[in-house]
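Take a look at the letters that make up each chain.
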Amino acid sequence: MILLSHPTANQNVRQTALAFAEAGLLAEFWTCVNWRQGGFLDRLSSFAPRLQSELRRRSFPPQLAPFIRTQPGREWGRQIAGQLGWAQLTEEEQGPFSVDAVYLSIDRRVARRVASGLTIKAVYGYDAGALDTFRAAKKRGLLCIYEHPIVHWRMVRRYQREEAELHPEWAATLGALTDSEEKLARKEEELALADLVITPSTFAKESLAQAAKQTMRIEVVPYGTQASAASPARAREGGKLRVLFVGALSQAKGLGYLLEAVARFGSEIEFTLVGRRISPTIPAPDLLAKYRWIPSLPHDELLLEMARHDVLVLPSLHEGFGLVMAEAMGQGLVVLTTPHTGGPDLITDGVDGFIIPIRSADAIEEKLALLVRERDRLRSMQEAARGKARAWSWENYRQRLAQLARDVVGREVDS
């Protein structure tokens, strides 16, 4: 009954596809690359570990095999150009193998598939990649379900402009400031065509409701996680507090404030960053060299890395949800994050995590210092975080999403 499409199909997209497949609602699932881990090409790609790591993110559960359709050309071009350092080919909105070109390419292909007369009741698309699909669906009288996993662009731009004025040295990492008017107009039309908007956090919903030109149905369905079966091994009594950051090295993630706070502890804590650089100059290479920095990890290895740490800090200025928070809680980490994420939906402040103000190195320092001093408090919060993660399982997410889709599509069929 539903055609689902997303170019790169991250964890939450896979769970959405599984939700619809399990419920008997999935007709087709369109993406760019369906990578077969362990196959010949996978073994061959071991000579380029970074590329292999990225490609393994594109493997899917066997249950989805009958539904997967691919449009790989542009995405292969993007991956190869990235490996060879041909930055001009992947330049945002301009390059023939940019992320934007990948999104537009698969959107056009799916739109042709919808227009061909495929027997479905609804299409399910994502922010910045669904406009042509939605236009084709509307011509056929099909429902358009729109997942908006991020904060609305108007709010994002406001916070990023403010940040560029406060800390101009970080401006190169604030990508929303360079989005073209054409790209933003496409996003607005996507939103206007949607019959149902699904978003993962209350904060993201509020940003959409403020920006919408008309009343629309917006449902919050928070993402899930997989809690570890047993308490991960932690540092021995008296060991250093191990602090983790996961995400692009951008000031949109509040990274500058976190680095300022961490520097105040000297060697009192261990700090690890997992995420790709946005700018070659900030954070400064010599600053990153003081800490443990991992540019990218496959998902399974990221979970193992989380399990070696005590605390995740995600001090984002804006975040549609922050899936790494739920994953970290599932591994028993205490999460420090801001109200501008899915944190308030996930966390009971002071019990299984902390909600801290945006743009506050002092608040980050205060909470980390508390956890350094009060190890019993740290351990109790870690166990509470794992318990909370069990309630936010991917199974529960799939069930809730499938029921919502079934209700919406079912009403349309009945009418």
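Read on for an overview of the structure. In this text the structure is predicted, and so the values were computed from the model without any measurement. (Residues numbered from 1 in each chain as written. Predicted model: local features only at pLDDT ≥ 70, side-chain atom pairs only at ≥ 80, totals over all residues. Heavy atoms only, no water.)

**Description of the overall build of the protein chain**
Scanning the protein chain for helices and strands turns up 17 helices and 13 strands. Over its C-alpha trace the protein chain gives a radius of gyration of 21 Å, about what one expects of a compact globule, namely 22 Å for 415 residues. Expressed as a percentage of its 415 residues, the buried residues of the protein chain come to 56%. Long-range contacts, defined as pairs at least 24 residues apart, comprise 68% of the intrachain contacts of the protein chain with a sequence gap of at least 6. Across the protein chain, the 53 positively charged side chains and the 50 negatively charged ones have centroids separated by 5 Å. (Helix = DSSP H or I, 4+ residues; strand = E, 2+ residues; numbered from the N terminus. Rg over C-alpha atoms; globule rule 2.2 N^0.38 Å. Buried < 20%, exposed > 50% of the residue type's maximum accessible area, 1.4 Å probe, protein only. Contact = heavy atoms within 4.5 Å. Lys, Arg positive; Asp, Glu negative; His and termini not counted. Charge placed at Lys NZ, Arg CZ, Asp CG, Glu CD.)

**Observations regarding helix α7 (residues 153-166)**
The end-to-end C-alpha distance of α7 is 20 Å, a good match for the 20 Å that 14 residues give at a rise of 1.5 Å each. Buried positions along α7 lie against α8 (181-193), α9 (202-211) and α10 (255-263). (Expected span 1.5 Å × (residues − 1).)

**Topic: the environment of Ala-289**
Here Ala-289 is to be found in the loop between α11 (285-288) and β10 (292-294). Residue class for Ala-289 comes out exposed when judged on its relative accessible area of 63%. Put simply, Ala-289 and Phe-97 are 192 residues apart on the chain and 31 Å apart in space, counted from C-alpha to C-alpha.

**As for helix α13 (residues 323-330)**
With 8 of its 8 residues buried, α13 lies for the most part within the structure. Among all positions of α13, only Leu-323, Val-324, Met-325, Ala-326, Glu-327, Ala-328, Met-329 and Gly-330 are buried. Directly after α13, the chain includes Gly-332, whose backbone phi takes a positive value near 85°.

**As for the environment of Val-324**
Inspection of the secondary structure assignment puts Val-324 in helix α13. Owing to a relative accessible area of 15%, Val-324 belongs among the buried residues under this scheme. Distance in space between the C-alpha atoms of Val-324 and Cys-144 is 28 Å, their sequence separation being 180 residues. Not counting residues up to four positions away in its chain, the partners in contact with Val-324 are Val-246, Met-306, Leu-312 and Leu-314.

**Here's the deal with unusual backbone geometry**
For the peptide bond that leads from Ile-282 to Pro-283, omega is -5°, which places it in the cis range. Its place among the elements puts Pro-283 in the loop between β9 (269-274) and α11. Positive phi outside glycine occurs at Ala-9, with the angle close to 50°. Counting through the fold element by element, Ala-9 comes out in the loop between β1 (2-5) and α1 (11-22). A relative accessible area of 0% means that Ala-9 is categorised as buried. At Arg-359, a position not held by glycine, the phi torsion is positive, near 60°. As for its placement among the helices and strands, Arg-359 is situated in the loop between β13 (353-355) and α15 (361-373). Classification of Arg-359 by relative accessible area gives partly exposed; the value is 24%.

**A word on the packing of α15 against helix α16 (residues 375-391)**
Where α15 contacts α16, the axes come no closer than 5 Å and their chain directions differ by 105°. Between α15 and α16, the angle falls in the class roughly perpendicular. Taking contact as the criterion, the partners of Leu-370, Leu-371, Val-372 and Arg-373 in α15 are, on α16, Arg-375, Arg-377, Leu-378 and Met-381. Along the lines of polarity and charge, the residues of the contact of α15 with α16 split into 5 nonpolar, no polar and 3 charged. (Axes fitted to C-alpha atoms, helices over the stretch in contact; angles between N-to-C directions. Parallel < 35°, antiparallel > 145°, perpendicular 65-115°, else oblique. Nonpolar A, V, L, I, M, F, W, Y, C, P; charged D, E, K, R; others polar.)

**Some details on the pairing of strand β5 (residues 143-147)**
Among the 5 residues of β5, 5 are classified as buried, and the element is accordingly described as predominantly covered. Every second residue of β5 is oriented toward a common face, with Leu-143, Ile-145 and Glu-147 on one face and Cys-144 and Tyr-146 on the other, all of them buried. The sheet contact formed by strand β4 (residues 122-126) and β5 spans 5 bridges and is parallel. The residue bridging Gly-125 from the neighbouring strand is Tyr-146, located in β5. After leaving β4, the chain enters helix α6 (residues 131-139) and then returns to the sheet as β5, a path that is right-handed. Relative to strand β6 (residues 196-199), β5 runs parallel, the two being bridged by 3 bridges. Within the sheet, the bridge partner assigned to Ile-145 lies in β6 and is Leu-196. (Pairing = 2+ DSSP bridges. Right-handed = clockwise from strand over helix to strand, strands pointing away.)

**A look at the sheet that holds β9**
Taken together, the 6 strands give an open sheet; going across it, the order is β10-β9-β8-β11-β12-β13, and neighbouring strands pair in parallel fashion. With one partner strand each, in any of the chains shown, β10 and β13 form the two edges of the open sheet. Sheet twist, expressed as the mean angle between neighbouring strand axes with direction ignored, is 20°. Bridge count between strand β8 (residues 241-246) and strand β11 (residues 311-314): 2 bridges; the pairing is parallel. Paired with Leu-244 across the two strands is Leu-312, which belongs to β11. Against the sheet, helix α12 (residues 299-307) contacts β8, β9 and β10, and its axis sits at roughly 150° relative to β8.

**Regarding the pattern of salt bridges**
Summed over all chains, the structure comprises 27 salt bridges. Between Glu-28 and Arg-113 there is a salt bridge whose closest N-O contact spans 2.5 Å. Within this pair, whereas Glu-28 is found in strand β2 (residues 26-31), its partner Arg-113 is found in helix α5 (residues 99-115), the two being separated by 85 residues in sequence. Here Glu-28 falls in the buried class, since its relative accessible area comes to 3%. The partner of Glu-219 in a salt bridge is Arg-217, with the nearest N and O atoms 3.0 Å apart. By relative accessible area, Glu-219 is classed as partly exposed at 24%. (Salt bridge = Lys/Arg side-chain N within 4 Å of Asp/Glu carboxyl O.)

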